[in-house]
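Listed below are the residues making up each chain.
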Amino acid sequence: MPPEPAAPLATIATALRRERERVGISLTELARRAGVAKSTLSQLESGTGNPSVETLWALGVALGVPFGRLVEPVDDDIRVIRAGEGPRVRSEQADFTGTLLSAGAAHLRRDVYLIELEPGAIREADGHTPRSVEHVVVAAGRLRVGPEGSPVDLNPGDYATFPGDIPHRYEALLPGTFAVLVMEHP
């Protein structure tokens, strides 16, 4: 039995197999459609390859899925990506690395906010519309955020997502805390 691949390779391997089987095509056919060597695709599906952004984009196009569906782990209710972690994919063409924090879903409204907080008062929010989701990336300071009863502490560069349709909180732990907040509503 081959060793367990490391994330994000494990995520990519699982997603490629899942999407290829959903479309109902063979490894050979997907490789042909994407213009990727069959051996490369076989390595990716076994979690041992080293895919570039360009290879994953080509595979996504051939499968009819967005790039994010191939690199984003399956969501839990609350998910945190610490600065410097997450599914990082490098380009073959430039000194460029992309880290997908969250793939957007079709037919959602997205509101983007820059939020500024200071220690002291806690911003307690009631749940928003059903199935709303909040995404937060801390730019400076330190932030405690998330559902009441299970908030997480975030440092600059950290990302968290959580259900926005339940009571949740925002609390600055350091002066000058600010973050980017993306709210998704169906």
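Quick summary incoming for the structure in this document. Here the residue index of a chain counts from 1 through its sequence in written order. Restriction of local features to residues with pLDDT of at least 70 applies here, the model being predicted, together with a cutoff of 80 or more for giving and counting side-chain atom pairs; totals for whole chains, interfaces and linings are based on all residues. To obtain the side-chain values, all non-hydrogen atoms of the structure were used and water was disregarded.

To continue, consider the sheet that holds strand β6 (residues 133–140). Two strands qualify as a pair provided DSSP detects at least 2 bridges between them. Helix and strand labels come from DSSP, where a helix needs a run of H or I of at least four residues and a strand needs a run of E of at least two; each type is numbered from the N terminus. Spatial ordering of the open sheet is given by β1-β9-β6-β11-β4, a layout of 5 strands whose pairing is antiparallel. With partners counted over all chains shown, the strands left at the sheet margins are β1 (79–81) and β4 (109–117), one partner each. Each strand axis lies, on average, 20 degrees off the axis of its neighbour in the sheet, ignoring direction. Pairing analysis gives 5 bridges linking β6 to strand β9 (residues 159–163), with the strands arranged antiparallel. Residue pairing across strands places V136 opposite A160, the latter belonging to β9. Orientation is described by lines fitted to C-alpha atoms, with helices fitted over the stretch in contact, and by angles between N-to-C directions that extend from 0 to 180 degrees.

Before going further, it helps to spend a moment on the side chain of H168. Within the secondary structure, H168 is located in strand β10 (residues 168–172). Residue contacts are defined here by distance: any two heavy atoms, one from each residue, within 4.5 Å place the two residues in contact. The contacts of H168, once residues within four sequence positions are left out, are R123, E124, A125, D126, H128, E134, G146, P147, E148, F162 and P163.

The 4 strands are arranged β5-β10-β7-β8 in an open sheet whose pairing can be described as antiparallel. The open sheet has two edge strands with one neighbour each: β5 (123–125) and β8 (152–154). For this sheet, the mean inter-axis angle between neighbouring strands, taken without regard to orientation, is 15 degrees. One ladder, built from 5 bridges, connects strand β7 (residues 143–147) with β10; its direction is antiparallel. Among the inter-strand pairings, V145 is bridged to a residue of β10, identified as Y170.

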